Structure formats: C-alpha cells, structure tokens
Amino acid sequence: QQKVPEIKYVPTTCPFCGVGCGLNLVVKDGKVVGVEPWKRSPVNEGKLCPKGYGCYEFIHSPDRLTKPLIKKDGKFVEASWDEALDLVASKLKEVYGKYGPDALAFQVSCRVPNEECYLMNKLARVGFKTNNVDNCARICHGPSVAGLSLSLGSGAATNPFADLLNADCIFVIGSNAMEAHPLVGRRLIQAKEKGTTLIVADPRYTLTARKAHIYMRFNPSTVIPLINSMMYWIIKEGKADMEFIKNKTKDFEELKKTVEKYADVEALTGTPTELVKEIALKYASAKNAAIVYCLGITETTSGTDNVRSLANLAMLTGNIGRPGTGINPLRGQNNVQGACDMGAYPNVYSGYQKVELEENRKKMEQAWGVEGLPGNYGLTLMEQIDACGDRVKAMFMLGENPMISFPDINHVRECLSKLEFSVVEDIFLTETAQLADVVLPAACWAEKDGTFTSGERRVQRVRKAVDAPGEAKPDWEILSLLGQKLGLKGFDFKSAEEVFNDMARVTPQYGGMTYARLEKPEALVWPCPTADHPGTPILHTQKFATADGLGNFFGIDYKPPAEVPDEEYPFALMTGRLLFHYHSGTQTRRSKQLHNEVPTGFVEISEADAAELGIKKGDRVLLKSRRGEVETNALVTKDIPKGVLNMTFHFRECPANLLTNTARDPLSKMPELKYCAVSVEKV
Ligand code: SF4
C-alpha cells in the first residue's frame, strides 16, 4: 500500500504588509509546500492577496544563507558561530572602548518579530549604553508616530480595519490600499457595498481611486493646503462639531485662524475649489467618518505636519473615539507597529517610555540589572548613515537593506564604506550584506516563533513550521548568544516566549499578554495592561492619551517640497509599491508566481509628456536627478498627471532610490522619498 505523506498545517501570520492576515503554512516532509488562508483569522476571513499566496516560495531558496561569513582580504569565508560571534563581540567592544558608546549604531527591520526588535533595543542600551537604535518605520511611518502622538497622545491607528464597515463615509488619502494593503482594500469595497461613501484623494488615478464614489486628484506634496481648505469649508458652513471641540480638544482658535487663508487652493493643489468643498462637507456631514492614509502622507519633508492635518480634520468633525471613525495609517511592513512599540527607537524604551525621563531610566535599569542608561536622544536611521566614519564607527544591521530601500543609494554606499566595522544579520546575501565585515545567517519567519503587531495594534503569533537551513538561527537566539559573548546579564533566553515575557513585564501596553492568551485567532489588541484585560480595539473613547486628556489642534501652513522641478530636472518623481512585490524584492522576486506577474521595474509617464518626448510604451528611458541616474522601461498611462513620474523601489536593476532625496522632515526625520526633481529622456 502506498504511504500517504503526512501534511501539517501551521497557523501563523503573513510576513509582508501590516494588515497581518492569518495563514496556514502547508508543510510536507519538513518543507513548506504551500499556503492557505487561516479561515479562523478575523483579519482576513479566509482570504489572502497574491503576495500572501506567494509568501512561502523564498523559504527554501538555494540562495539562503546557511553559515556565518567573515570577510577576509575582501572575500567572504565561512566561519563557525563561535568564531563569528567572538569577532563581532570583540570588534563592538573595541569600538566602544576606543570611541565611546555613541560610536555604535543599531538598525532593525520592521519585518522582524517583536521579541527580536525588543532584544536589539536591549542590546544597544544594556550592552553599549547608547540610544543609537532605530527601525525602518523611520522611513515609512515615523511621521505617524510623531504626528499622532503630538495631536492625540498615541502614535497608533485608532480603529480596527473591520470597523471600516461601520463608517458612513471613508476618506482615503495618499493610500493605494488595493495594491499595497489588498485586504484593507477588500474592507473598503465591503463598506461601499453596504452603502458607505468612499472618497479617494491621490495624485494618481490608482486601483483604489477606481473604486471610489468620488476621486479627488491633487498635485503631489500639496496635502496641507488641501486639508486646510477642507477645514475652512467645514467651519464656514457650520459643520464643525463644536461640542466635541469644546469638551475634548484645545487650541481650536489657532487652527481656525490658519485655515482662513486656504479658502481657494486650486492654483496650488490643482483641485477645483467646488470639489474640495463638496468632499469636505460629505466627510463632515457623515454620522461616522473614518480616515485611511498611507505613505503618500508620510514620506515627505512635511510628513508630521500632514499627519497632524488629518488629526485636525478628524477632531474638527468629532470623528474619533467611536466605531466607524478614527485615523488609520496603513503600515507598510508586517511589524512596523511592533518595531516601534518594542523601543527600537532612539528616544523611547518599549511602550514609548521616554529615555529622557529619569523615572523611566531607573525603571529599566532595575528591570535589566544595569546602571547608567543614557538619557540623550540617539541618532535616527538616516542620521546614523550620515554619521558613518565620523561619529559612528561600527554598525549592526538586522534585516535592513539600505542599499535598496534608503534614499540616495550612492550616498548610503559611500557612508557605509567609511565604517570601521559592520555586521549584517539576514536571510540572503543582500546588497547591504555584501558590504559588511560579518554576515550572520538568520532563520526566516517560517522557521521561528514570535509575534507581529499589525497596523491595527493586533499582537499575533508567528509559529515555527520548519527548520532553518544549515546553521541559520532565529534572530532572538543570535542576539542572546551575542549578549552572552559580551558578558551581559539578562541575555540567557531559551525561547522566543521567554523574550516576550521579559518584554511584557516592562511594557505597559503589552503587560497583560502571554503566548497562551495570544493562542486564539483574534489574538489581543493593545493596550492590554493586565492579565484579565480584554484589549482595546478603539482608542480615545473617553479622552485622548495626551497628558491633559485633550486633543491638540495645530495651525499648520504649507511648505513646498525640499526640491522642486526646474529647467534641468523638470519632472516631479513619486515612488510607490506594487501589488506583486514587496520592498527590496529579496523575497517576492524569489517567488515564481509573483516574479512572473511583474519581472522588472518601470516608470509611469503621462500620455502628454510621452508624446512630447517621443516616448512609447516599453521604450528604454534614462532618469536623472542631482544624485544619480537609472535606466528603465517606460509605461505610458492616463493615470498620472502631466509633469509627474512614478516608480517603485523593488527592483535592484532599476532602483528608484538612486534618484530620491535625503532631505528630511524636521520633526520625524523622515526623508523625502515621495518627491524629487528628475529629468527623463529616451535612451
Ligand atoms: Fe499578506 Fe498584506 Fe496580503 Fe494580507 S494583505 S495577505 S498581510 S500582504
């Protein structure tokens, strides 16, 4: 009789976007052979997007790193774990001894589970007394953390995704959810089918815009005048919620005075005033209205101000703290929320406990059994890069690939080359890993336990389905072993669960969570401070999370982008993401089904510009900015306005970030990834 191979289904969480869909890894003979939606997950209700269905193919790629690598005479040679970790520990100690704590810098990816982000924060602070630790939310939703914290007291999404079905009106701005967060896109369609008015504002006529009842095009980087104008009309037409404003907010007069200057913004935004007014009144007149936004809001030098403008709009109309309302940033990577929650941030410990407050430092010193934690703000992600060779002499990068994902790649390469020592922990020999002195092979998400916190603050389990290849290890184990090599107390973890428990005891929002409580499909939504707390799906229901409980209005004026088109570089270049690919492409480009859909990159150009320049669909074109140049294919389209181009950054052979600008938002230090001046010509 033929033996039927045993098939195992391991429920876990999608490794890609911040929606956090539940899925089952299908395991046969010790290999992941497929993926099925986890039907019991309330997040995705038995559905997955193409990326989710393709998320397993890279796991058993022959390109996976299987042994530690040490660079000798410019070439990598395989090493034992002892040899590699001894070298890393001794080099980091040497730099620390020679130059002091802030000569070290630590970067961690938002793809990495909470346990490992927490340990990176602990390693930097306990091991080297530095706050130079940051995660890549800095260059996607850093402005959401900064802006929402300033306005509402908490830098997180206010309502769950499923709650969009309770809205009477949804205002989507700077988000192409149908491509970047398809299972939230599904919620938008479900809401529309139930009778919700769907408004989409975007410079491009995206897949999401196509689903809208009303589409509002605006010029790139003119969010503030657009939102100020909406608020002008809401106040003028008596649609502001004065009772909410009086009881729950402060500084309304400052806002009112500012928006009076923005009655007509058509010349700046390109949006007809009548349309701005119509949309403003639709949003304000709805019983419950929700805002959904994404990187079109945050990835600019006005990112924090853009987010605060949206918070102004929600508070002005009292649309916060109830079902069907709120402000919901869609997080790009699966654990953007968690990486920030875990204190992989240069100014806070886990749970947003500020390092500058002595009481917080004392608390952490006691919990971690150390003395002398620093109270200064550490360097943010891009500041760390700029400081390479100068203030920063050694860098530890966990899962980060700045040679594709950071702006101005030529600048990144030049900076990294000035380091005295660098370590990369990753699953593939990425463009960044190739520049490192030591590469540590990591287990991927299917090969380890842990938790991810999705964009709706839902803390969900990641479960080990198969063994890691060769000698690759989970990041939590690598960091624990390194801590032990450094002779640190509190790094003798035997499991991811032990790390989680260490974190939960010092992190108020996670204080009531355990792996046992996270077993149920709906998991838990933070804040969940005690063992009997059910979690908190909707924030700000009674009062805001600010010190005085009041929401803060800010009067915010328009500032142009750092670099605007001119005679030499006459086009504005926007950047974005595709349905079938994800970030620097290391994983999705190793999935046949995803790669076959979109095998390489392209630039979108309007029909009018293409005609003027003699460019046809598929022509090779050369784009140049003040920082670099890229050759790619042209995609001629009606969906983009004249004078604007759009690219993605997924493709190493034509990376948009050779062109992008490192100019930064002064508050969140977000670089201007979504807007720079370029030229384009047919090759
Ligand atoms: Fe994964 Fe996001 Fe797609 Fe869900 S929507 S399957 S989390 S990539």
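Computed from a prediction, not measured in an experiment: that's the story for all the values here.

### Some points on the overall build of the protein
Helix and strand content of the protein: 23 helices and 28 strands. For 683 residues, the compact-globule formula gives about 26 Å, and the C-alpha radius of gyration of the protein, at 24 Å, lands near that figure. Each principal axis of the C-alpha atoms in the protein carries an extent, and together these give about 70 × 70 × 60 Å. Counting all 683 residues of the protein, 59% fall into the buried class. A fraction of 73% describes how many contacts in the protein between residues 6 or more apart in sequence connect residues 24 or more apart.

### Some remarks on the site of the ligand
The environment of the ligand is made up of 14 residues, and the closest members are Cys14, Cys17, Cys21, Cys49 and Gly52. Considered class by class, the residues forming the shell around the ligand number 9 nonpolar, 4 polar and 1 charged.

### Here we look at the environment of lysine 71
If you trace the backbone, lysine 71 turns up in strand E4 (residues 69-72). Between the alpha carbons of lysine 71 and valine 438 there is a distance of 6.2 Å; along the sequence they are 367 residues apart. Ignoring any residue separated from it by four or fewer positions in sequence, one finds lysine 71 in contact with Phe76 and Asp437.

### Section: the nonpolar core
Ranked by internal contacts, the top residues of the largest apolar core, which has 218 residues, are Met120, Ile170, Ile199, Met230, Leu310, Ala339 and Val678. If one sorts the elements of this core by residue count, helix H8 (residues 223-236) sits on top with 9 residues.

### What to know about helix H6 (residues 182-194)
Over its 13 residues, H6 runs 18 Å from end to end, which matches the ideal 18 Å to within 8%, given 1.5 Å per residue. Buried within H6 we find Pro182, Leu183, Val184, Gly185, Arg187, Leu188 and Ala191. Where H6 is buried, its residues touch strand E8 (169-173), helix H5 (177-180), strand E9 (197-201) and helix H7 (207-210).

### Structural notes on the packing of H8 against helix H14 (residues 303-316)
Closest axis-to-axis distance for the H8/H14 pair is 9 Å, and the angle between their directions is 15°. Compared by their axis directions, H8 and H14 come out roughly parallel. Relative to H14, H8 is oriented so that their crossing is left-handed. Note on element contacts: H14 touches H8 through Asp305, Asn306, Ser309, Leu310, Asn312, Leu313 and Leu316, opposite Val223, Ile224, Ile227, Asn228, Met230, Met231 and Ile234. Residues of the contact of H8 with H14, tallied by class, amount to 9 nonpolar, 4 polar and 1 charged.

### So, the pairing of strand E18 (residues 438-441)
Side-chain direction in a regular strand flips from residue to residue, so the side chains alternate between the two faces of the sheet. Residues Val438 and Leu440 of E18 are buried on one face, and the alternating residues Val439 and Pro441, pointing to the opposite face, are buried as well. In the sheet, E4 pairs with E18 via 2 bridges, with the strands oriented antiparallel. In the sheet register, leucine 69 faces E18, and the bridge partner there is valine 439. Sheet topology note: the strand E17 (residues 421-426)/E18 ladder contains 4 bridges and is parallel. Across the sheet, residue valine 424 finds its bridge partner in E18, namely valine 439.

### Digging into the sheet that holds strand E19 (residues 450-453)
If you walk across this open sheet you meet the 3 strands as E19-E20-E21, and the pairing is antiparallel. With partners counted over all chains shown, the strands left at the sheet margins are E19 and strand E21 (524-525), one partner each. For E19 and strand E20 (residues 458-462), the ladder comprises 4 bridges, and the chain directions are antiparallel. By the bridge assignment, threonine 451 is partnered in E20 with arginine 461.

### Looking at the sheet that holds strand E7 (residues 133-135)
Ordered in space as E5-E4-E18-E17-E16-E6-E7, the 7 strands form an open sheet in which the pairing is mixed. Both outer strands of the open sheet, strand E5 (75-78) and E7, are each paired with one neighbouring strand and no more. Ignoring which end each strand starts from, the neighbouring axes of this sheet average 20° apart. By the bridge criterion, 3 bridges tie strand E6 (residues 104-108) to E7 in an arrangement that is parallel. Each residue of the ladder has a partner; that of valine 108, found in E7, is asparagine 135. Packed onto the sheet, helix H3 (residues 114-128) meets E6, E7 and strand E16 (394-398) and runs at close to 175° relative to E6.

### A few points about the packing of H3 against helix H21 (residues 496-504)
In the contact formed by H3 and H21, the axes pass within 9 Å of each other and the chain directions differ by 60°. By the angle class used here, H3 and H21 are oblique. Here H3 and H21 pass one another in a crossing that is left-handed. On H21, the residues that touch Asn114, Glu115, Tyr118 and Leu119 of H3 are Ala496, Val499, Phe500 and Met503.

### Quick look at unusual backbone geometry
Note that the residue after tryptophan 526, namely proline 527, is joined by a cis bond; omega there is 0°. Tracing the sequence through the fold places proline 527 in the loop between E21 and strand E22 (551-552). For serine 221, which is not glycine, the phi torsion reads 65° and is therefore positive. Counting through the fold element by element, serine 221 comes out in the loop between strand E10 (214-216) and H8. Despite not being glycine, arginine 457 shows a phi value in the positive range, around 70°. Relative to the helices and strands, arginine 457 is located in the loop between E19 and E20.

Procedures and definitions
- Residues numbered from 1 in each chain as written.
- Predicted model: local features only at pLDDT ≥ 70, side-chain atom pairs only at ≥ 80, totals over all residues.
- Helix = DSSP H or I, 4+ residues; strand = E, 2+ residues; numbered from the N terminus.
- Rg over C-alpha atoms; globule rule 2.2 N^0.38 Å.
- Buried ≥ 20, exposed ≤ 12 C-beta atoms within 10 Å, placed from the backbone.
- Contact = placed C-beta atoms within 7 Å.
- Near = placed C-beta within 6 Å.
- Nonpolar A, V, L, I, M, F, W, Y, C, P; charged D, E, K, R; others polar.
- Core = buried A, V, L, I, M, F, W, Y, C linked by C-beta atoms within 7 Å.
- Expected span 1.5 Å × (residues − 1).
- Axes fitted to C-alpha atoms, helices over the stretch in contact; angles between N-to-C directions.
- Parallel < 35°, antiparallel > 145°, perpendicular 65-115°, else oblique.
- Left-handed = near helix turned anticlockwise from the far one by under 90°.
- Pairing = 2+ DSSP bridges.

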